[in-house]
Amino acid sequence: MMFHTTVFILGFIPVCLSGFFTLGRFCGAAWALRWLVACNLFFYAWWYPGHLPLLVGSVALNHSIAWKLRHTEQTRIWLGIGVGLNLAILGWFKYADFLLHIVVPNASALHVTLPLAISFFTFQQIMFLVDIGRGAAGTAAEDRASPERPATMVRTEPGLPPLLRYAAFVTFFPHLIAGPIVRPSDIIPQLADPDLARARIDNVTDGVLIFLLGLGKKLVLADMFGKFADIGFNAAADGTALTFFEAWYATLSYALQIYFDFSGYSDMAIGLARVLNVRFPLNFDSPYQAANIAEFWRRWHITLGGFLRDYVYIPLGGNRTGPLRQTGTVMVTMLLCGLWHGAAWNFVLWGGLHGGFLVIHAQYRRLFRPLPAALGQILTLLAVIVAWVPFRAASLPSTIAMLRGMAGGNGIALPRMIVSALPSFARIADPVTVMPFLGDARTLSFPEISACLLLGWLIVLMLPNVHRMNDRVRHWTLTGSFALSAQALFFAPHVAPFLYFQF
Amino acid sequence: MRRVLLACATSLLIYIAAFACLLDRPLTLGVLRAHIEANIALGQSVRGPKLVILAGSNGSYSHRCETIQPIVNRPCINAGIAVGVGLDYLFARWEPLLHAGDIVYLPLEEAQYVRTRAAAYLGPDAAIMLRHDRATLETLPLQRWIAALFAGDLRAAIMSLMEITLADYGFRDPRPAAGGGYNAWGDHVGHTAALAALNQSTLAAIKPFHPTAAEIQAGYGTVLVSGFLRWAAAHGVLAVGGLPTGFIDSPIDDASLAAIRAIYRDHGASFVELPNQSRYPRSAFFDTQDHLNEAAQIAHSIAVAEALSHFTDWRQARSP
């Protein structure tokens, strides 16, 4: 069940919310929480019930280890066992084939089915164990004020949460499948609020509004750009030599697709949580407007970045070490970031590229004055877009094929109608009747995709994101997008899954 | 919450008003519509038994009524349009013009059989009907009405604004000069082998789509074709199925061929197969596997006409 399907919006949500608020009103918050956990498990099992025992077992196991951590002097040993077990389970399901082929390149694949959301619920629980080990679970961690996370939202709750509340935190359906990777200390105290299951009209209104705007990002924008990107990247995977515009348009489309898709998903998750009186942290803050790569990572998938910073980078030494060690730490953190996204060299390369960008940025900043903001933004954007190629491409050869096309290695082609109308283009481009890997390969596909890309990039580069908009602008944006979302929801012939579901 | 609901309601009203009354695509859908209307006008002008070719662009690019007509010895109308145009729309437009004794040849592209209902409902004909042909829309089921009302997406809106602006500024479609146009029979002409030479790299790269037999049997297009075949049988119209043109290096597999044949034969219609099963080398095509170049179009049309003349002879022998 995905957030952008009719069965979720018209079936699951009304049943879940009405049960939650009715039980909260007549039977108390504990019963509402039980209902919520039941809904979460049903939501998870909808895809493949066979993986439900893994989720339930993982929750029970981690809660038991957390209990042990609270009642033992051997904290480090039990923390090591807990984190090790979580990583072993994740490693088996996600990385077994990848590691096997590194060790034995010709071995036949194990074909282990990847359970949905395992990367997300594993990381959530590792965070919880580490926080318990540090004596900090349920207490406010470093508070980073943001529009979605005002300082007042962080409350404290000493001690280990009861199993029910812990299960509600881990399996909470708005973040279960693809994040945001929320901190236990942010969410568990909110689930303990006695007023949790009391319907609050302001939260419901805000939540519905944010959800619908996220739905528009996904259905109207991400899926449109996804179609353009798929054509080019699929052709590259098939060994087709893409020309300059075909390769660039596919890559630019993918950069927009992944932003609108994942930030749209995050908005929907934030909106759903808000309806249930839970506040999630911001996960995207107009990342393509970043003036440098370090700022990009403070704006892109903020909760993953925060996790990697607090649970990998800082424990490895962080900024407290010398430049060489710090460079190594950045590279290790970003390679792990790449590997977290998928067990393939493409993701490792993507992580490595971003690690390299961050290292170059740090060294440059140490030696020179900052670049002008506009130039910094252009360079950052270019680097990020080029790095999306290995992230999206099916393999390293197709990554190289796509980059070759972007470099003009396969020539530049343009529709003959464009060259006829603007003869100066004849000097740089070969005229063709249609460009087979551009949109629907129709005569007007080139201007069509050009206009769509222009609109998409104007939105991400010029406009504030949903969380920076004031109420009035949000309502106008909803007026502009709702009908198109409804059109896509009820009439589009194909519903594309969220990109981050695969991670 | 009231403001949210108001924003949603306003959005829907603006959307419907825009797509039903304001937005239009004169350069792409306008060309299609003009071609459809020209074919319909031709169909209305013909008295007596005729041959009508109904298909996507395979009909108009790979078949030539100008060549077929003298061989089958009856007026021929090439009503092939584009794969995206809904078959139910085409059938709804042509059924009033077909009479007992007419022959309809259907060399439908493989993709036509397997188009989903949702895709078929959102084809270019939905926008054409909503904006310019509500009379035909009224003859179609209610869900088709609703789908036509919600057929426009963001791409359509962007393209509409672009095309309206270009048309207002007198933009002339350069396609006829670049790739040919249509003659009085509805055939596409001028897509010569010389022009096709510019597309050889494109043609070499194409990997044709071949649905499986199961997909063909279960396809929504198959449902529509079957409905039309029943209608034709009930009204004395002879429907004849055929194969679309394609690359010789990418044949349709036997099971899929059998599935296509079965659609026609199960409904009492005929099915024509050329000895080469309409497969040609890539060098015989213009820009896609559905579009033969002009020389190959004429050669293919002669072969099709000779196969169809068997039916016209038979019809003429039976007519009083």
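What counts as what
- Residues numbered from 1 in each chain as written.
- Chains lettered and ligands numbered in written order.
- Predicted model: local features only at pLDDT ≥ 70, side-chain atom pairs only at ≥ 80, totals over all residues.
- Heavy atoms only, no water.
- Disulfide = S-S within 2.5 Å.
- Helix = DSSP H or I, 4+ residues; strand = E, 2+ residues; numbered from the N terminus.
- Buried < 20%, exposed > 50% of the residue type's maximum accessible area, 1.4 Å probe, protein only.
- Contact = heavy atoms within 4.5 Å.
- Buried area = accessible area lost by both parts, 1.4 Å probe.
- Salt bridge = Lys/Arg side-chain N within 4 Å of Asp/Glu carboxyl O.
- Polar contact = N/O pair within 3.5 Å; in protein donor to acceptor, adjacent residues only side chain to side chain.
- Nonpolar A, V, L, I, M, F, W, Y, C, P; charged D, E, K, R; others polar.
- Axes fitted to C-alpha atoms, helices over the stretch in contact; angles between N-to-C directions.
- Parallel < 35°, antiparallel > 145°, perpendicular 65-115°, else oblique.
- Left-handed = near helix turned anticlockwise from the far one by under 90°.
- pLDDT = per-residue confidence, 0-100.

Draft legend 1. Representation of the state of the cysteines within the structure. Residues and elements named next belong to chain B. Within this structure, the stated rule accounts for 1 disulfide over all chains. In this model Cys65 forms its disulfide with Cys76; the gap between the sulfur atoms is 2.0 Å. Taking the torsion about the S-S bond as the criterion, the Cys65 to Cys76 disulfide, at about -50°, is left-handed. Note that Cys65 is positioned in helix α4 (residues 65–72) and Cys76 in strand β2 (residues 76–78), a separation of 11 residues in sequence. For the pair formed by Cys65 and Cys76, the shared burial category is buried.

Draft legend 2. Expanded view of the interface of chain B and chain A. Listed by partner, the interface residues are 38 residues for chain B and 42 residues for chain A. Here chain B and chain A share an interface that buries about 3,500 Å² over both sides, 73% of which is from carbon and sulfur atoms. The three residues of chain B that bury the most area against chain A are B:Met1, B:Leu154 and B:Arg155, which together make up 20% of that side's buried surface. The partner of A:Asp471 in a salt bridge is B:Arg3, with the nearest N and O atoms 3.6 Å apart. There are 7 residue pairs in polar contact (both at pLDDT 80 or more) connecting chain B and chain A. For the side of chain B that touches chain A, the secondary structure elements donating two or more residues are α1 (2–22), α7 (117–121), α10 (142–149), α11 (154–168), α12 (175–179) and α14 (200–205) of chain B. Counting residues per element, the side of chain B that touches chain A draws most heavily on α1(B), at 9 residues. The residue makeup of the side of chain B that touches chain A, split by class, is 24 nonpolar, 7 polar and 7 charged.

Draft legend 3. Focus on the packing of helix α14 (residues 345–367) of chain A against helix α15 (residues 373–392) of chain A. Residues and elements named next belong to chain A. Relative orientation of the contacting elements α14 and α15 amounts to 160°, with a least axis distance of 8 Å. With respect to α15, the axis of α14 lies roughly antiparallel. Of the two possible hands of crossing, α14 and α15 adopt the one that is right-handed. Contact residues: Asn346, Phe347, Leu349, Trp350, Leu353, His354 and Phe357 in α14; Ala383, Val384, Ala387, Trp388, Pro390 and Phe391 in α15.

Draft legend 4. Just the side chain of A:His4, in detail. Residue and element names in this part refer to chain A. Relative to the helices and strands, His4 resides in the segment before α1 (6–26). Under the relative-accessibility criterion, His4 is labelled buried at 1%. A distance of 2.7 Å separates a polar side-chain atom of His4 from the backbone oxygen of Ala496. When neighbours within four sequence positions are excluded, His4 is seen to be in contact with Ile9, Leu215, Lys218, Leu219, Met268, Leu489, Val495, Ala496, Pro497 and Phe498.

Draft legend 5. Summary view of the confidence of the model for chain B. All names here are of chain B. Averaged over all residues, the pLDDT of chain B equals 91, while 96% of them reach at least 70. Averaged over each element, pLDDT in chain B is lowest for α12 (67) and highest for strand β1 (residues 51–53) (97). Model confidence for the complex is summarised by a pTM of 0.85, with the ipTM given as 0.84.

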